[in-house]
Amino acid sequence: MIESNSPFYDAFKGILNTIDKNRVQELLTYMNTEAINFNLFKNNAFIERKFPFDIIPRIVSPSEFAYLEKGIQQRIYALNLFLEDVYGAQKILKDGIIPSEFVFSSKAYLPSFANTSVAKNIRVHISGIDLVKNSVGDGWVVLEDNIRVPSGVSYPLSLRMLTRKVFPEFFEKLPIQGVSDYPKKLEAAMDYVNTGGINVILTPGRYNSAFYEHSYLAKESGAILANGEDLVVEKDKVYLKTYNGKKARVGAIYRRLDDDALDPVEFHPDSLIGVPNITQAYRAGNVALMNSIGNGIADDKGIYYFVPAMIKYYMNEEPILQNAPTFLAFFEKDRNHILQNMRTLVIKDVAEAGGYGVVFGSQLTKSEREKLKDAIIAEPRRFIAQEVIEFYDIECLDEAGTFSPRKADLRMFSIYGEDIFVWPGGLTRFAMDPTSYIVNSSQGGGFKDTWVLKEQR
Amino acid sequence: MKVNFSYDFTLTFDEPVRNHHFCLRMVPYTNAIQTLLAWKLSLNDGVPYYETRDGFENHLVYGFLGKPHRALKATIEGEIELSPYVYHDKEPVELYLPHSTLAPLCEDVREFSRSLKLPVTDFRKAHFLTQLLYEQFRAIEEPKAKGLETFLLYKEGISQDFSHLLIALLRSNGIPARFVNGFIDGVNKTHTWVEAFMDGDWRGLDPQSGIFIHDEPYIKIAHGRDFSECQIHRGSYIGKRQHILEIMGRIERNEQ
Amino acid sequence: MILIPPQAAEHLYWMGRYIQRAESMTRLVIALFDKILDEDFEDAKAFYAKLGIELAYDSAQMFLRESVFNLEDASLYNTINMARENAILTRSHLSNRMFSRINALYLAYQTAKEERTVSLYWLEGTLKELDAIWGNFELSLVEAKESPLIQLGKVVERMDLNIRLYDSIEAALMDVEKLNSIAEKVRPNHKRVTLSSSNKFKTLQTINSVFEALTTTHES
């Protein structure tokens, strides 16, 4: 279903009808020439893939953005406080708001990093909150908080840059908020937590799916793009090696590696892309890592359930943004509900990411359903279930020039520096298949730009 | 009781390695029953080291040895005040209830557990299990742990295996348990034991010797949910992986 | 301090080398094409044989296809691919224009390879593109700190090819001054490179070890 009564979208379409859509070709050529792509491995072969995009943007009205901005700021603020707490005094557990067993049995909780203080008490520097707009009641619903290593910001950023060149009409006629200051905000946030030294973006390397983004952000934010091998811990500090043998002290690292790969001394000993002993320098407070180590506990699919409670607990405020109605198999009452309503629920394995481990109960055969029931009973902590949200479609324009609706979500990015900056743009992902609800790029979804409109003078 | 201690750690490589970043847990823990009064650590060739603490409050010593070397040697000497092994600390005990990777509640542990007739109170259960491990399992000298499944099958393993099995059994009986790395006098390998939380206190259990530790001189270095969180040495280096770890702990009663 | 990590420096250097190699190879193929038509049909075979590469063709057109697309490592296509690969790896150090020019050239070759179309006219277009890449690079301020590394690659490759392709140590020697002035920017107070004109093999070795000598990092 497409959201009706949207004057901004009507205005967009009015303009779209007057312009030559064949110019999309020009956009494609641009994208190709700029090598705006993502990498993937298929059948053991490395493939550079163009990120499939659609020129019709999601349009967000000024009042809607103001609401989302407030809601996201509140959410990020609470998640950050939760992480500070859960790796510190653990008040929220002692006060019984979240069952401590729930946190302690999670693989994402890293007790060996408890009591590590982080620069400026910020742990959630970069976040990507995934939302959908519910076609029932028109409300925005948060599906997932991504506060470990969220990616995707470069795609709408690059698409915007190109769309402005190819289709200036929209930017002339519609009051679209600019998005190009994202890298500058990132730079400011890095400077803010920097413990002395240069800023670095740490990439897993050329073969990572988001390597383009790493390069792009480094270039635009003035940070140095480095591989693990380029960094070294000397004494108790981190340095960037340079080709002529000199070393530059590093004060902040926007790392695009998972915790597991970050340090072979501390985590996975076989990681070749990490920096040995970087975690010790971090524990000693000699370098800021963005995001902090151990954030996984806060974007755990199970902890998600408790985010509204966190907001109330830490901030004494009502949550602005709603969660999808969620049931935790961990609680007996919820578990019974799940087991009795398998057909109407989406069941998620909390250990999986990227749209994997998501099962629609309605699509299971009887025996599959029974098998899943057994798994839930055996390991209740591992599963959550959510009611299926009928979220809005957005139109896509295909090569033949026809409009067709696709399910679409919205990832909104924010940067926590001196304050929490919610980027007035976003990555709108859509399902390639008209019947699908899964929009993840790793599962073949495409993306759109997100235009946030300004109040018109 | 005041004791003097010394602890030698030697990691020997078959072939020289280089670019060795290391992180050692070898400075004794400080808590209510163990106060480190004085200590001095030296590494081979005067390699400098730096200190920090992990989330368990384990003392970490880290550094870098770049040039090719066949061994990493470290010696710590010092004086420590020990009290009877009953204490509590600020860590949440619930952290030590869920099963962990090296002390899992696998089918074999479940089955073993079902075959036992356990006494009623936590205290007696812990006592019973500690004794049982001592009587039914054999300690062997090998560099690597067997893992619980093999340990249960052949009924022999190293100190680590004893501790992990006891931890898994305690936890599955609702008793929080943590893994301890440390040393006792004259034992030339890492000694590990278990702390179990009962009646408001942590108590030491040594399943390899079958004892409830009371005022025996056990010096604790580090603890964690299992071995993976309190290894004596972790490192990354260029060279072949083969190495031997030798350890010698000495504890002497300080009569003054 | 010049904030370029060791690996990035190496990629910048190799990018310079591959762009230069693409240019020299293009010129060579054009020259050999003429020779095949006008002088000696076997000439290109003999020339590639000197480089240890076996090249088979039964027409001038086939020679073009083979040398441009099909020779594994030595094809022009592969050379441009390698230039582009190094550009991808160092993209955060390059101006957008520099990067997209190299990438566009690669994409054009990729399409041409799929369609198996190549002509002398096309190769002349490649030369123009390469000129534009170098020109762009000379004018750009973005790559100021990277520029000496890329230039080093360029001059080393040119010297190397002058010796290997044309047996001309003399031509290579004419670049020594330039090499030294670039090396000075890469690493101030470096040891000057001197070449003797007698031994071809030794000269090649010296030229090809310049980058390594300038960028040796000391593990402490």
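Note that residues are indexed from 1 along each chain, following the sequence as it is written. Key to labels: chains lettered from A, ligands numbered from 1, both in the order written. Thresholds applied to this predicted model are a pLDDT of at least 70 for local features of residues and 80 or more for the giving and counting of side-chain atom pairs; totals over whole chains, interfaces and linings are not thresholded and use all residues.

## Side note on the overall build of chain B
Then, number 1: Labels follow the DSSP assignment, with helices taken as runs of H or I lasting at least four residues and strands as runs of E lasting at least two, numbered in each case from the N terminus. Counting its secondary structure elements, chain B contains four helices and 15 strands.
Then, number 2: When its C-alpha atoms are laid out on the principal axes, chain B stretches across 55 × 45 × 30 Å.
Then, number 3: Here chain B, with 256 residues, has 43% of them falling under the buried criterion.
Then, number 4: A pair of residues counts as a contact when their C-beta atoms, built from backbone coordinates, are within 7 Å of each other. Taking the intrachain contacts of chain B between residues at least 6 apart in sequence as the baseline, contacts between residues at least 24 apart amount to 76%. Here exposure depends only on C-beta density: within 10 Å of a residue's C-beta, 20 or more other C-beta atoms make it buried, 12 or fewer make it exposed, and intermediate numbers make it partly exposed, the C-beta atoms being placed from the backbone.

## Observations concerning the packing of helix H2 (residues 122-136) of chain B against helix H4 (residues 159-172) of chain B
Residue and element names in this part refer to chain B.
Then, number 1: Closest axis-to-axis distance for the H2/H4 pair is 10 Å, and the angle between their directions is 150°. The angle between H2 and H4 places the two elements in the roughly antiparallel class. The crossing of H2 and H4 is right-handed. Residue-level contacts link Ala 126, Leu 129, Thr 130 and Leu 133 of H2 to Phe 162, Leu 165, Leu 166, Leu 169 and Leu 170 of H4.
Then, number 2: Lys, Arg, Asp and Glu make up the charged group, whereas Ala, Val, Leu, Ile, Met, Phe, Trp, Tyr, Cys and Pro make up the nonpolar group; the residues left over, Gly among them, are polar. Grouping the amino acids of the contact of H2 with H4 by side-chain chemistry returns eight nonpolar, one polar and no charged. Here the axes come from fitting lines to C-alpha atoms, over the contacting stretch only for helices, and the angles between their N-to-C directions go from 0 to 180 degrees. Roughly parallel means an angle under 35 degrees; roughly antiparallel means over 145; roughly perpendicular covers 65 to 115; every other angle is labelled oblique. Handedness of a crossing follows from how the near helix is turned relative to the far one, being left-handed for an anticlockwise turn of less than a right angle and right-handed for a clockwise one.

## Concerning the interface of chain C and chain A
Often, the extent of an interface is quoted as the loss of accessible area on bringing the components together.
Then, number 1: The interface of chain C with chain A comprises 20 residues on the first partner and 23 residues on the second.
Then, number 2: Put simply, the parts of the chain that give the side of chain C that touches chain A at least two residues each are helix H1 (6-38), helix H4 (76-89) and helix H5 (96-115) of chain C.
Then, number 3: If one sorts the elements of the side of chain C that touches chain A by residue count, H5(C) sits on top with four residues.
Then, number 4: Per-class residue counts for the side of chain C that touches chain A are eleven nonpolar, seven polar and two charged.

## Considerations on the pairing of strand S3 (residues 49-53) of chain B
Residue and element names in this part refer to chain B.
Then, number 1: Only strands that DSSP links by at least two bridges are regarded as paired with each other. Summarising the sheet, S3 and strand S4 (residues 59-65) pair through five bridges and their orientation is antiparallel. For Glu 51, the partnering residue across the bridge sits in S4 and is Val 61.
Then, number 2: Hairpin geometry of S3 and S4 is characterised by an intervening segment of five residues between the two adjacent antiparallel strands and by a positive phi of about 70° at Glu 57.

## Looking at the nonpolar core
Then, number 1: A set of buried Ala, Val, Leu, Ile, Met, Phe, Trp, Tyr and Cys residues, joined to one another through C-beta atoms within 7 Å, is what we call a nonpolar core. In this structure, Val200(A), Leu231(A) and Leu166(B) are the most contacted members of the largest nonpolar core, which totals 251 residues.
Then, number 2: For Leu166(B), the contacting residues outside a window of four places in its chain are Leu129(B), Thr130(B), Leu133(B), Val194(B), Leu205(B) and Pro207(B).

## So, helix H8 (residues 182-193) of chain A
Residue and element names in this part refer to chain A.
Then, number 1: Helix length check: H8, at twelve residues, gives a terminal C-alpha distance of 17 Å against a target of 16 Å (1.5 Å per residue), a fit within 8%.
Then, number 2: Of all the positions in H8, only Tyr 182, Leu 186, Glu 187, Ala 189, Met 190 and Val 193 are classed as buried. Considered in projection along H8, the buried side chains sweep an arc of 165° and stay on one side of the axis.
Then, number 3: Those residues of H8 hidden inside the fold are in contact with helix H6 (154-166), strand S6 (198-202), helix H9 (211-221), strand S10 (247-255), strand S11 (288-290) and strand S18 (403-416). Expected helix span is taken as 1.5 Å per residue step, with the number of steps being one fewer than the number of residues. Read the arc as the range of directions from the helix axis to the C-beta atoms.

## A closer look at the pairing of strand S5 (residues 140-146) of chain A
All names here are of chain A.
Then, number 1: Sheet topology places strand S4 (residues 126-133) next to S5; six bridges connect them, and they run antiparallel. Bridging across to S5, Asp 130 finds its partner in Glu 144.
Then, number 2: Between S4 and S5, which pair antiparallel one after the other, the connecting turn spans six residues, and Gly 137 there sits at a positive phi close to 85°.
Then, number 3: By the bridge criterion, two bridges tie S5 to strand S12 (residues 322-323) in an arrangement that is parallel. Bridge pairing in S12 places Val 142 opposite Asn 323.

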